[in-house]
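# Chains, contacts and geometry: an overview
As a plain string of letters, each chain reads:
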Amino acid sequence: MKNIIKFKWAVIALWIIAAICLTIFMPNLNYIINDRGNATIAKSYPSQAAQEMLDGMSETKGESGIFVFYHKDKLSEANMKNIEGVLRKLKDNREELGITGVLDVFEAPGASSRMISKDGTTMLAQFTYEKNGRDIQEIADALEAQLTACETEHYITGGAFIANDFLKVTNEGVEKSAAITVAFILIVLIIMFRSVLTPLISLFTVGIAYLVSMGIVGQMIEKLGFPVTSLTQMFIILILFGIGTDYNILLYNRFKEELLKHRNIDDAIAATYKTAGKTVVYSSITVFFAFLSLSFVKFGVYRSSVAVAVGIVVLVALLLTLTPALFKLLGGRLFWPSKGNGGHKPSRVWEAASGFSMKKPYIAMLAILLLVVPMLIAGSYKLSFDNLKDMGGDSPSVAGFDTVARHFSKGTTMPAAVVIKNKEPMDTSESLAIIDTITNKIKKIESVSAVQGPTQPLGDEIADYYTGTQIGKVVGGLEQADDGIGRIGEGLSTIQEKLTPPDLSQVSKLVDGTSEIQGGMKSLTDGINQIRTGIEKGAAGAGTIAEKITEVKTGLETIEAGLNALTGEFTEFEGGFNTFGAKYSEVESSLEMLVQLSEGINQALGQASGSEPALKGVREQVVQLNSGLKQITEGFKLLNAEYAKAVLQTGGGLKQLDEGLKQTIAGLEQLSQGQRGLAEGLKQTGAGQGAIAENMQKMTSGLGEITNGQKQMTAGLSTLGSSFEQLKNGLGDSGDGLSRISEGIDKSNEFLSRLASDKTVNIPREAFENSDFQKALDAYMSKDRKTLKLTVILEDDPYSDEAIASVREISRQLPDMLKGTALSGAEFATGGETAVTNDIQDVAVSDMRLAQFMVLTGIFIVLVFIIKSFWIPVYIIGSLVLSFYSAISVTSLFAKAFLNTDQLAWNVPFFGFVIIVALGVDYSIFLMTRYREYGELGPKEAIIKASANVGGVVLSAALILGGTFATLAPSGIKTLVEMAVCVCVGVFLLSVILLPLVIPSFISIEDKLVRKYSRYFKTM
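We now turn to the structure provided with this report. (Residues numbered from 1 in each chain as written. Predicted model: local features only at pLDDT ≥ 70, side-chain atom pairs only at ≥ 80, totals over all residues. Heavy atoms only, no water.)

Looking now at the sheet that holds strand 3 (residues 122-129). Taken together, the 4 strands give an open sheet; going across it, the order is 2-3-1-4, and neighbouring strands pair in antiparallel fashion. Taken across any chain shown, the strands that pair with only one partner, and hence form the sheet edges, are strand 2 (99-103) and strand 4 (153-157). Neighbouring strand axes in the sheet, compared pairwise and without regard to direction, differ in orientation by 20° on average. With 5 bridges joining them, strand 1 (residues 63-70) and strand 4 adopt antiparallel strand pairing. Paired with Phe69 across the two strands is His154, which belongs to strand 4. Docked against the sheet, helix 8 (residues 136-146) engages strand 1, strand 2, strand 3 and strand 4, running at close to 155° with respect to strand 4. This element, helix 17 (residues 396-407), spans strand 1, strand 3 and strand 4 of the sheet and lies at about 105° to strand 4. (Pairing = 2+ DSSP bridges. Helix = DSSP H or I, 4+ residues; strand = E, 2+ residues; numbered from the N terminus. Axes fitted to C-alpha atoms, helices over the stretch in contact; angles between N-to-C directions. Contact = heavy atoms within 4.5 Å.)

Dropping the structure here:
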């Protein structure tokens, strides 16, 4: 101490230089907090295991976010074009912005049902990005600059952006709180010491301690990976300014007292530090170990409070060096302009309370119980892990989140994720069937809105991927085939009934008539030849020629009449056979259709029989039917060809004969005219006879062709007649076969219809070659297809109890979903913001218990060491615990009454406990160290006198500490407001009620028990 006093200027200079240097070289804590300042937990927790698998799943690293576009009426076509242009510009600058991907409805129209709200007012666009050394605020500013051309209301939201806005709000609250804290402390100290200089010196020393502490903590955070959160800086400010001012009050008051006792300033400083200085050291030790014990907890948010222990070390070092140097430098001027000497006046409140407790300890304890127990009963509470409740809708990310929650599912912005990692690729039909089953089971869990995965990329089932749909199509095809077979069977039955053998008697008559005509034609030809010879012999035979011509004409008339009759009969016969031929053509066409249908049925049954052995017998019957139908069809084709040829030849011969008769009649007419004009010349007669002879030869040739055609037709018709019975029998057999096939199809359909409701996935081979299907696999599987992600969209707020319960249920059921499948050996975990919150809830609750045990144990050990007693530390620990639970109960009531919530922020009980216990124990140490100074007095007199002398200091310190935390209330952040209420109530109960009543009561009871039993043992 002497050296510090001697080198006071050097000490002061060193502290100032240290503060300046550490402040200059302090890292950017905002960036560090943005990067790793959120609530983090160990990698062993499921959400962290899931995130690790997700990080290794995609080649694209980075965070994800959502652009939200909103119009209160409806997004018009012009709005959509404007948004498309804005997003196109953003994609063009993706490298500059660090964007690695954008998914919107313009590039993926199929996703419109998931990205455009049903009322058409809201559209989403998802994007991924890399930080590239930037904090989230820089990224948000750069993205917002690209969206300035957007004509609609828009937001950027997502987990990281919400956390960034929470950090901004918290920092603003801390800055506001720090300013109010300084002003509050300044005013209180001015009133307390009636001095202007004392508050300034106190704030100066605490400010130096804060700057040095933050500089050291900043380096530890950056260089050593020391845990940090958005609350780290706030706690260092509040605790250092709170207890730093408390310690200063204790030192300044004692220094003021010692100035009255010692004329020498050095002696006054030494006396101050032998008493109050020792108290400060003892108090700081308890606080230091209380915060240091938090290094044993797992939760990073809780462990970040260890930074306060660093601040405590710096503060104590400063109080033991800089403060005495300032005492030496200023002396009595420290309290200028106050001229009064002496410390705090005795506290009448504490003196009266301790006196009453010593006299009537049981009544005092009863009064405390009557006060505290109702608080504990009425103040039950639950914990909330929803940071969004702390932030108003003014924050852009929260406004975007609220917009999405109103028009989509609340979980759309921050969905959960089920991650499965297998040793083998999962892009097989078997694995995808298992994945789809898991997808549908997760959908059935309460509060799950949709599940997206490789088999349901948009959250809806794709019907063509399911065996039920595929079997349904086979059933439909078989039903159509059955209907077709029924119609063909009916047609065959009709043909069989109406099919009768043709009457061939007319054919025989036709052949006989044709033979007679051919004989007459031969005779006629001979006669004409004779006439021609006679004409050539001379005109002398003109009379004979005339007679012969008359005979020939008469014969031709007879022939013409017979030919006309024959032509009529043939026309009738031909009409009948044309009708018959048309019917046979219809049969042939029907048989061809039957063959084609049979082949189609055979193919359909071939596809179905692969998975259903019962269909193989039906398929064999169809193959036999198909073979028989082909033979019948070929027979019909040959028969129709022969029939057509015969009719064609017969018709051609008759046409030639008719043409010949017409020409012959014309020749006879010429001959008749020539006979009448024989006198004009026999040359014309000879020419006519030549023409007649020539035409008669054509007629003879035509009759020969007719005869041949009739013979062929007769042979064909004879063959046809013999085939009629075979045809009828074949048609009957075909009908029977078709009936059996129809029965088989009915039985198959009955069996297949029972399978049509099956929900098993059976991805067709061609689907694996489809580019859209491959895109779905790329979106939800790793490149090697060994890691799978299922996106789970919840109906509730991702931080709500309902959402957390859903995630827990998913995690509980997931092992059973995989058990007994081809993926039973796969790793799996549930990730996403809700899963992280669930793990935080688990670790926060368990670490709360651990922290309570560690802090209380550490404080108890230190108290035993300081006070040299076992029971008094027990009384102190009991008072601290009682004050905390009373305070948290009152805080719960306050939240219900004024904050409209029945839940407390999850970190309020933890930090409230640490602050009340770790800092509240100082007041106990203030009291007990003063109590030990009066060792020459009895316990009753000592505790009353100590309470009177230290009561004012404790009340002032409690006012400073409570007021410091009360400055959190104007921040508007519910967490900070609740924490302010909790600390203020706890400090008030401890300093005003519990310490002046509980500790004296227990000391009184202990003293009475000691006296009673000491007398008893003496009488023994």
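The element strand 6 (residues 416-421) is extensively covered by neighbouring structure, given that 5 of its 6 residues are classed as buried. As paired elements, strand 6 and strand 8 (residues 787-794) share 6 bridges and run antiparallel to each other. By the bridge assignment, Ile420 is partnered in strand 8 with Leu788. As judged from the 6 bridges shared by strand 6 and strand 9 (residues 827-832), these two strands associate in the antiparallel manner. Across the sheet, the residue bridging to Val418 is Thr830, located in strand 9. (Buried < 20%, exposed > 50% of the residue type's maximum accessible area, 1.4 Å probe, protein only.)

Next up on the list: the pattern of salt bridges. A complete count under the given rule lists 14 salt bridges for this structure. A salt bridge links Glu222 to Lys223; its shortest N-O distance comes to 2.9 Å. Classification of Lys223 as exposed rests on a relative accessible area of 56%. Between Glu933 and Arg254 there is a salt bridge; the shortest N-O distance is 3.7 Å. Of this pair, Glu933 sits in helix 29 (residues 908-933) while Arg254 is found in helix 11 (residues 232-261), placing the two residues 679 residues apart along the sequence. Judged by its relative accessible area of 32%, Glu933 is partly exposed. On the accessibility criterion, Arg254 (9% relative accessible area) is buried. A single salt-bridge network, built from bridges that share partners, covers Arg254, Glu257, Glu258, Lys261, Arg930 and Glu933. (Salt bridge = Lys/Arg side-chain N within 4 Å of Asp/Glu carboxyl O.)

Time to look at the packing of helix 8 against helix 9 (residues 159-193). Packing of helix 8 against helix 9 brings their axes to within 10 Å, and their N-to-C directions diverge by 110°. Taken together, the axis directions place helix 8 and helix 9 in an arrangement best described as roughly perpendicular. Between helix 8 and helix 9 lies a crossing of left-handed hand. Judged by residue contacts, Ile136, Gln137, Ile139, Ala140 and Leu143 of helix 8 engage Ala160, Phe161, Asn164 and Lys168 from helix 9. Classifying every residue of the contact of helix 8 with helix 9 gives 6 nonpolar, 2 polar and 1 charged. (Parallel < 35°, antiparallel > 145°, perpendicular 65-115°, else oblique. Left-handed = near helix turned anticlockwise from the far one by under 90°. Nonpolar A, V, L, I, M, F, W, Y, C, P; charged D, E, K, R; others polar.)

Considering bend angle alone, the principal kink of helix 12 (residues 265-292) is centred on Tyr273 and spans about 40°. Of the residues that open helix 12, the one with a side-chain oxygen 2.7 Å from the backbone nitrogen of Asp266 is Asn264. (Bend = angle between axes of the 7 residues up to and from the residue. Polar contact = N/O pair within 3.5 Å; in protein donor to acceptor, adjacent residues only side chain to side chain.)

This next bit is on the side chain of Ser213. As for its position among the elements, Ser213 is in helix 10 (residues 197-224). A polar contact is formed between the side chain of Ser213 and the backbone oxygen of Ala209, at a distance of 2.6 Å. Beyond its immediate stretch of four places on either side in the chain, Ser213 contacts Leu240, Val310, Gly311 and Val314.

Now for the packing of aromatic side chains. Tallied over the entire structure, the rule returns 27 aromatic pairs. Here the aromatic rings of Tyr302 and Trp906 are separated by 6.2 Å at their centres, their planes lie at 40°, and the arrangement is tilted. Here Trp906 lies in the loop between strand 10 (903-905) and helix 29 and Tyr302 lies in helix 13 (residues 300-303), a separation of 604 residues in the sequence. With a relative accessible area of 1%, Tyr302 lands in the buried category. Geometrically, the ring pair formed by Tyr875 and Phe1002 is stacked, given 4.4 Å between the ring centres and 10° between the ring planes. With Tyr875 in helix 28 (residues 871-898) and Phe1002 in helix 31 (residues 974-1019), this residue pair connects regions lying 127 residues apart in the sequence. When its relative accessible area of 27% is taken as the criterion, Phe1002 is described as partly exposed. Connected via pairs of aromatic rings, a cluster forms that spans Phe235, Phe299, Tyr302, Phe385, Trp906, Phe910 and Phe911. (Phe/Tyr/Trp six-rings, centres within 6.5 Å; stacked < 30°, edge-to-face > 60°.)

If you trace the backbone, Ala10 turns up in helix 2 (residues 8-24). Sequence separation between Ala10 and Ala325 is 315 residues, and the spatial gap between their C-alpha atoms is 9.3 Å.

The 4 strands are arranged 7-8-6-9 in an open sheet whose pairing can be described as antiparallel. The open sheet terminates on both sides in strands that have one partner only, identified here as strand 7 (448-452) and strand 9. Neighbour-to-neighbour, the strand axes of the sheet open up by a mean angle of 20°, direction not taken into account. Sheet topology note: the strand 7/strand 8 ladder contains 4 bridges and is antiparallel. Looking across to strand 8, one finds that Val451 is bridged to Val792. Packed onto the sheet, helix 4 (residues 46-57) meets strand 6, strand 8 and strand 9 and runs at close to 100° relative to strand 9. In the packing of helix 26 (residues 801-818) onto the sheet, contacts are made with strand 6, strand 7, strand 8 and strand 9, and the angle to strand 9 comes to roughly 165°.

Running from N to C, helix 11 and helix 14 (residues 306-330) cross one another at 30°; their axes reach a closest spacing of 10 Å. Once helix 11 is placed against helix 14, the crossing between them reads as right-handed. Note on element contacts: helix 14 touches helix 11 through Ala307, Val308, Gly311, Ile312, Leu315, Leu319, Thr323 and Phe327, opposite Thr232, Phe235, Ile236, Ile239, Leu240, Ile243, Gly244, Tyr247, Asn248, Leu251, Tyr252 and Phe255. Taken together, the residues that form the contact of helix 11 with helix 14 break down as 15 nonpolar, 5 polar and no charged.

None of the figures reported here should be taken as evidence of function without further support.
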